[in-house]
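# Reading the structure
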Amino acid sequence: MVQSLLALAPTLLVIAFFLLGPSNWSRHQSRARAITCAFVAAVALRYMIWRFTETVLPYPNDGANFYWVWFVFIVELLAFSEVVLFLILMSRYIDRSVEADELARPFFARPESELPSADIFIPTYNEPLDVLERTIVGALALDYPKDKLAVYVLDDGRRDWLRTFCEGRGAIHVTRNDNAHAKAGNMNNGLRVSSGDFIAVFDADFVPYRRFLRRTLPFFLDETIGIVQTPQHFFNVDPVQSNLGLENIWPDEQRLFFDEIAPSRDGWDVSFCCGSCSIARRTAVDMIGGFPTESITEDLLTTLSMLNKGYKTRYLNERLSMGLAAENLTGYFVQRERWCQGGIQTLYLHNGPLRGPGLSLFQRIMFLPMSWLVQYLVRFAVLLVPIVYLWFGALPLYFTDVADYVSNQIPLLTAYFLLMLWLAPTRYLPLVSTAVGTFATFRMLPTVLSSLVRPFGKPFKVTPKGSGNEENQFDAYTFTWIAAFIVVTAAGLLINIVPETAHIEGSFSTIAALWSGLNVVVLVIASLICFEKPRRLLQAFKLDEAADVDGSAGRLVSLSLDKAVVAVPTETRFKSTRVTLNLEGFAPLQAELKQVTQRRGDISRSGDQRRYYLHLHFDLRGFERDKMIIKLYTGNYSQEVPDIDKVAVSVNLMLRAFGRTRTA
């Protein structure tokens, strides 16, 4: 009993620290973050010392198992290195919104004729019109003097219909004879035909908010600033949210990076360009010879090249654009494999983190692609360790006593999870976050290995977006790997729990049983992501505005480019399914009434009567459609990022897993 209490003491100390300290501190204060991250680093260091001195060095050289012990330790050492870099990074946080306010006053105090000119680059290859029209129309609607603004649609698809669309709106359609160097080459061609002082880049599926230039340009009063990056927000759900059935209770996967990690990187002056939703100083781009073409992630390499010349990147954590997240698993992996390969490519380049001439030691370390190199190997090892033990009896360490294990590893896991829950309380949940990473491992680990061997072996691939990308798929490759690991882990566990079939010498490890069980749970959640769900291309925005349907007053509660939902009193009657919808700022819209619904217990604003919800479909064309794009996508509304509802997430996952099991 006493020994058990002593083993739990370090974990209780960790819990006490978080209860007395971080739970009472602001997570956005750098001093509080530094203390907390230093504490977690100390716990991690204590664990690694114990691992090396007590569980690795004493292990006898008895053949294959000796090398297995060292392999597992080296993987843990790599994980420890990544965690330490992460802790250093997250020990700072900066919010530049106040700075943007202060800089805007002197920047825009001068006459409009003295403001710098800005070019908007929209590189495109094969995106359809239903994707491109939002971006082009939104860029043309930016709140900036029109004689200082030019929108360039850089069309590597050389499409006549796109030229016609651009000419009709006032955008400049640009093509070239070949597609050399993909996106970077396309933008370099744009540099040759444009002359603006600043260049804002928006991928074909990202719509800038009208205030984008007014919030970002003032930072360039500092002549050392080469790029200002803003976060990427989305008006659709990503495939992880969708396939897990967590659309309204789980944030998109990139929120952790853009909301938490990116501001911390900026606090250390190691922020980097993410391509879309960024703006660069033309003289800085010219200084580095244009957008770098050596890597398929030209954005990251642009940052490194500018750092070599003394320019910095700033990060303004404000929602200043909206775009399409990867719409299915095909796009999800195309995107992430490109990011992974591009990050690893920088290790081999003259302007990368290892060889870049103007980088400090700290910058070199912080731009190493450690996350790509380490995270998937670690996740794979976590799945593999109990299997090797269950089937071959090979321990991953020189096992001394369960109490030692509890005394050293449990405090580390507790400290790390509590840290993440404190740093990102609405963006992180251990079990689900682990499952998402595990799901990606089976495709991403081969990409990591192939990129290390042949970093330039794969060409640039555009993430598929928009219409023509509707196919619902089942990720059979990943599911097969996940199912195999579930079967092998569960079978090994069952065989060794039953005394008659157990083949592990000595007493069966309780820790191995718990580890195996947890792996199975994580894998089951990961398997759910493999099943694609139907998606809707044009996402609706939630509103609460006055609307009129055939003279009857109502409330507009939902609106997209082709549909509106209007709440009206239940006594409202219509003579036909063809109705007229009147919205402020628009000519009367002829709409088709296709459905009437009613929500139980809904109370109207004016009284206690129930409401009908009219589902109205319409077809906007030309400039009326452009007006609707500007209304919906340029900053008046946003798809709110949901905070994590931990209970709802748990219930939904259990129901979904049970449903999949019954279907199977």
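Above this text you will find the structure in question.
Now for a description of the structure that goes with this document. Small disclaimer: the values here were computed from a predicted structure and weren't measured. (Residues numbered from 1 in each chain as written. Predicted model: local features only at pLDDT ≥ 70, side-chain atom pairs only at ≥ 80, totals over all residues. Heavy atoms only, no water.)

What follows is about the overall build of the chain. When you go through the chain residue by residue, the secondary structure sums to 21 helices and 15 strands. Taking 2.2 N^0.38 as the reference for a compact globule, 664 residues should give roughly 26 Å; the C-alpha atoms of the chain span a radius of gyration of 28 Å, in line with that estimate. Judged by the C-alpha coordinates and their principal axes, the chain covers about 80 × 65 × 50 Å. Here the chain, with 664 residues, has 55% of them falling under the buried criterion. A total of about 28,800 Å² of accessible surface is found on the chain, and carbon and sulfur atoms cover 59% of it. Taken as two groups, the 65 positive and 65 negative side-chain charges of the chain have centres that lie 2 Å from each other. (Helix = DSSP H or I, 4+ residues; strand = E, 2+ residues; numbered from the N terminus. Rg over C-alpha atoms; globule rule 2.2 N^0.38 Å. Buried < 20%, exposed > 50% of the residue type's maximum accessible area, 1.4 Å probe, protein only. Areas by Shrake-Rupley, 256 points an atom, 1.4 Å probe, with all protein chains shown as cover. Lys, Arg positive; Asp, Glu negative; His and termini not counted. Charge placed at Lys NZ, Arg CZ, Asp CG, Glu CD.)

Here we take up the state of the cysteines. On inspection of all chains with the given rule, the structure shows zero disulfides. Of all cysteine sulfurs in the structure, the one in cysteine 277 sits closest to cysteine 166, which takes part in no disulfide; the separation is 19 Å. In this structure cysteine 166 comes out as buried when scored by relative accessible area, which is 0%. Considering cysteine sulfurs only, cysteine 274 is the nearest to cysteine 340, which forms no disulfide, with 16 Å between them. We classify cysteine 340 as buried; its relative accessible area is 0%. (Disulfide = S-S within 2.5 Å.)

So, on to helix α19 (residues 510–528). Between its terminal C-alpha atoms α19 stretches 28 Å, which fits the 27 Å expected from 19 residues at 1.5 Å a residue. Considered for burial, the residues of α19 that qualify are Ile511, Ala512, Ser516, Asn519, Val520, Val522, Leu523, Ile525, Ala526, Ser527 and Leu528. (Expected span 1.5 Å × (residues − 1).)

For strand β10 (residues 541–549) and strand β13 (residues 578–582), the ladder comprises two bridges, and the chain directions are antiparallel. When the bridges of β13 are listed, valine 549 appears paired with leucine 581. Pairing of β13 with strand β14 (residues 589–598) involves four bridges; the strand directions are antiparallel. Paired with threonine 580 across the strands is glutamine 590, a residue of β14. In this antiparallel pair of consecutive strands, β13 and β14, the connection spans six residues, and glycine 585 shows a positive phi of 90 degrees. (Pairing = 2+ DSSP bridges.)

Before going further, it helps to examine a nonpolar patch on the surface. Judged by side-chain polarity, Leu8, Leu12, Ile15, Leu19 and Leu20 come together as a nonpolar surface patch covering roughly 510 Å² of accessible area. Its location among the elements puts leucine 12 in helix α1 (residues 2–20). (Patch = residues over 30% accessible without salt bridge, like charges linked within 9 Å, V, L, I, M, F, W, Y side chains within 5 Å. Salt bridge = Lys/Arg side-chain N within 4 Å of Asp/Glu carboxyl O.)

What follows is about the environment of glycine 331. Position of glycine 331 among the secondary structure elements: in helix α13 (residues 329–345). The exposure class assigned to glycine 331 is buried, which follows from its relative accessible area of 0%. Residues in contact with glycine 331, not counting those within four places in the same chain, are Ala326, Thr463 and Pro464. (Contact = heavy atoms within 4.5 Å.)

By the secondary structure assignment, leucine 445 is in helix α17 (residues 430–453). Residue leucine 445 is classed as buried on the basis of its relative accessible area, which comes to 13%. As for leucine 445 and glutamine 375, which are separated by 70 residues in sequence, their C-alpha atoms are 8.9 Å apart. Leucine 445 has contacts with Tyr376, Leu377 and Phe380, leaving out every residue within four places of it along the chain.

We now examine the pairing of β14. Each regular strand shows side chains that alternate between the opposite faces of the sheet. Strand direction decides the pairing type here: β14 and strand β15 (residues 611–617), joined by six bridges, are antiparallel. In the sheet register, glutamine 598 faces β15, and the bridge partner there is tyrosine 612.

At a minimum axis distance of 9 Å, the contact between helix α3 (residues 64–90) and helix α15 (residues 370–392) shows a crossing angle of 140 degrees. By the angle class used here, α3 and α15 are oblique. Classified by chirality, the crossing of α15 by α3 is left-handed. Packed against α3, whose contacting residues are Trp68, Val72, Val75, Leu78, Ala79, Ser81, Glu82 and Leu85, the element α15 presents Met370, Ser371, Val374, Gln375, Leu377, Val378, Ala381, Leu384, Val385 and Val388 at the interface. Looking at the contact of α3 with α15 residue by residue, the classes come out as 14 nonpolar, three polar and one charged. (Axes fitted to C-alpha atoms, helices over the stretch in contact; angles between N-to-C directions. Parallel < 35°, antiparallel > 145°, perpendicular 65-115°, else oblique. Left-handed = near helix turned anticlockwise from the far one by under 90°. Nonpolar A, V, L, I, M, F, W, Y, C, P; charged D, E, K, R; others polar.)

For the rest of this paragraph, the subject is the pattern of salt bridges. Following the criterion strictly, the structure yields 27 salt bridges and no others. Of the charged contacts in the structure, one is a salt bridge between arginine 96 and glutamate 99, with a shortest N-O distance of 2.8 Å. Accessibility expressed as a relative area gives 7% for arginine 96, which makes it buried. One salt bridge connects arginine 214 with aspartate 143, and the closest N-O pair in it is separated by 3.2 Å. Placement of the pair is arginine 214 in helix α8 (residues 212–216) and aspartate 143 in the loop between α5 (129–140) and β2 (149–155), with a sequence separation of 71 residues. Residue classification places arginine 214 among the partly exposed residues on the basis of a relative accessible area of 26%. For aspartate 143, a relative accessible area of 34% gives the class partly exposed. Put simply, Arg96, Glu99, Asp266, Asp269 and Arg314 are held in one network by salt bridges that share partners.

Quick look at the sheet that holds strand β3 (residues 172–174) now. The seven strands are arranged β3-β2-β1-β4-β7-β6-β8 in an open sheet whose pairing can be described as mixed. A single partner strand is all that each edge strand has here, and the edge strands are β3 and β8 (312–315). Direction aside, the axes of adjacent strands within the sheet are offset by 25 degrees on average. As paired strands, strand β4 (residues 198–201) and strand β7 (residues 278–281) are joined by four bridges and run antiparallel to one another. Across the sheet, the residue bridging to phenylalanine 198 is arginine 281, located in β7. In the packing of α5 onto the sheet, the strands contacted are β1 (118–124) and β2, and the crossing angle to β1 comes to about 175 degrees. Running over the sheet, helix α12 (residues 298–308) touches β6 (225–229), β7 and β8 and is turned about 155 degrees from β6.

Time to look at the side chain of asparagine 188. Summarising the element assignment, asparagine 188 is placed in helix α7 (residues 182–193). Not counting residues within four places of it along the chain, the set of residues in contact with asparagine 188 comprises Gly290, Phe291 and Thr293.

In any sheet, the strands associate via hydrogen bonds between backbone groups, in a parallel or an antiparallel arrangement. Reading around the barrel, the six strands line up as β10-β11-β12-β15-β14-β13 and close back on themselves, with antiparallel pairing between neighbours. Along the sheet, successive strands turn relative to each other by an average axial angle of 45 degrees, direction set aside. On the sheet, helix α20 (residues 622–633) packs against β10, β11 (552–559) and β14 and is oriented at approximately 135 degrees with respect to β10.

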